[in-house]
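Listed below are the residues making up each chain.
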Amino acid sequence: MKAAFHGHAVVSVLTNSGTRLLFDPFITGHQQCDLDAETVKVDVILVTHAHSDHLGDTVALAKRTGALVISTVEIVNYLASQGLDRLHGMQPGGAFDFDFGRVKFTPAIHGSSIVLEDGTSLTLGLATGILLTADERTIYHVGDTALYSDMKLIGERESIDLAFVPIGDNFTMGPEDAKLAVEWLQAKRVIPIHYNTFSLIKQDPKAFIDSLDEGVGIVPNLGEMIEI
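As the structure is a prediction and not an experimental result, all values here were calculated from the model.

(A) Summary view of the packing of aromatic side chains. Scanning all chains against the criterion turns up three aromatic pairs. Each member of the aromatic cluster is reached from another via a ring pair, and the members are Phe96, Phe98 and Phe100.

(B) Up close: the sheet that holds strand E11 (residues 128-134). Read from one edge to the other, the open sheet built from six strands follows the order E7-E8-E11-E12-E13-E14, with strand pairing classed as mixed. With one partner strand each, in any of the chains shown, strand E7 (95-98) and strand E14 (189-193) form the two edges of the open sheet. Taking the axes of each pair of neighbouring strands and ignoring which way they run, one obtains an average angle of 20° across the sheet. Bridging between E7 and strand E8 (residues 101-107) involves four bridges; their strand directions are antiparallel. Note that in E8 the partner of alanine 95 across the bridge is lysine 104.

(C) View of the nonpolar core. Val13, Ile70, Val103, Tyr140, Phe164 and Val190 are the most contacted members of the largest nonpolar core, which has 50 residues in total. Apart from the residues lying within four places of it in its own chain, the contact partners of valine 13 are Met1, Lys2, Ala3, Thr19, Arg20, Leu21, Phe23, Leu132 and Ile139. Listed in part, the 21 residues of the second largest apolar core include Ile27, Cys33, Ala62 and Val69.

(D) Representation of the pattern of salt bridges within the structure. The final tally for this structure, using the stated rule, is five salt bridges. Its salt-bridge partner being arginine 20, residue aspartate 43 comes within 3.2 Å of it at the nearest N-O pair. Of the two residues, aspartate 43 sits in the loop between strand E3 (20-23) and strand E4 (44-46) while arginine 20 sits in strand E3, which places them 23 residues apart along the sequence. A relative accessible area of 27% means that aspartate 43 is categorised as partly exposed. Aspartate 210 serves as the salt-bridge partner of lysine 206, at 2.9 Å between the closest nitrogen and oxygen. A residue pair is termed a helical-turn pair when its members lie 3 or 4 positions apart in one helix, as lysine 206 and aspartate 210 do in helix H6 (residues 205-210) at four residues.

Criteria and cut-off values
- Residue indices follow the written sequence of each chain, beginning from 1 at its first position.
- pLDDT decides what is reported in this predicted model: residues at 70 or higher carry local features, side-chain atom pairs at 80 or more are listed and counted, and totals for whole chains, interfaces and linings draw on all residues regardless.
- Only heavy atoms go into the side-chain values, all of them from the structure, while hydrogens and water stay out.
- Here a pair means two rings of Phe, Tyr or Trp (six-membered ring of Trp) with centres within 6.5 Å. Their orientation is stacked below 30 degrees between planes, edge-to-face above 60, and tilted elsewhere.
- Any two strands with at least two DSSP-identified bridges between them are counted as paired.
- Secondary structure follows DSSP: runs of H or I at least 4 residues long count as helices, runs of E at least 2 residues long count as strands, and numbering of each begins at the N terminus.
- Comment: axis = line fitted to C-alpha atoms, over the contacting stretch for helices; angle = value between 0 and 180 degrees taken between N-to-C directions.
- Note on terminology: a nonpolar core comprises buried Ala, Val, Leu, Ile, Met, Phe, Trp, Tyr and Cys residues joined through side-chain atoms within 4.5 Å.
- Throughout, exposure labels follow a simple rule: accessible area from a 1.4 Å probe, protein chains only, divided by the maximum for the residue type, with under 20% read as buried, over 50% as exposed, and the rest as partly exposed.
- Contact between two residues is taken to exist if any of their heavy atoms lie within 4.5 Å; hydrogens are not considered.
- Whenever a carboxyl oxygen of Asp or Glu lies within 4 Å of a side-chain nitrogen of Lys or Arg, that contact is scored as a salt bridge.

That's the geometry; what it means functionally is another story.
Structure, rendered in structure tokens:
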């Protein structure tokens, strides 16, 4: 299995069987992203929460590609109202075995809402992280979250090969809390995410990985596939 980081919280995964998965596809309006929303190929879209910088191009991508969308029940119900029909709703703590692998949703301490055309905010359930296990490997997209003590329990129960951990601060964990999260999760390798997209989340990813145990942190080039 291979995975790549595409800026902000956008992560792609390619399984050994050829299934193409995309987490939090914020592509349009995201100048750092190396993907093209008009041409990217995807079979499965996973969404951690409803904020526009994570839900992103989900509707347009799913309509163009026919991809299955997996998210919380509240987000899935909203997406159904937008004309999507290949949907699978879940909730934090729940897991499901798909033909490409096992998906488990975890808690995240964060909001989950969209802004409607009239400017009002619509809350869509809880924010989450997502564990993906396929090809005998486990990836953890931590999602947008504060540090919370159950990360230690997740690290004890799961054998995480690669974790995508936010470091931006202001809206999520900052580098100091993210460092502790990495220790608790016991991930073999870590890629920092959710930084430098906006001025409020400006961080130095190299300084962050230098603060971790040697060989754990990675700052790959955008789109660079990492063998897991």
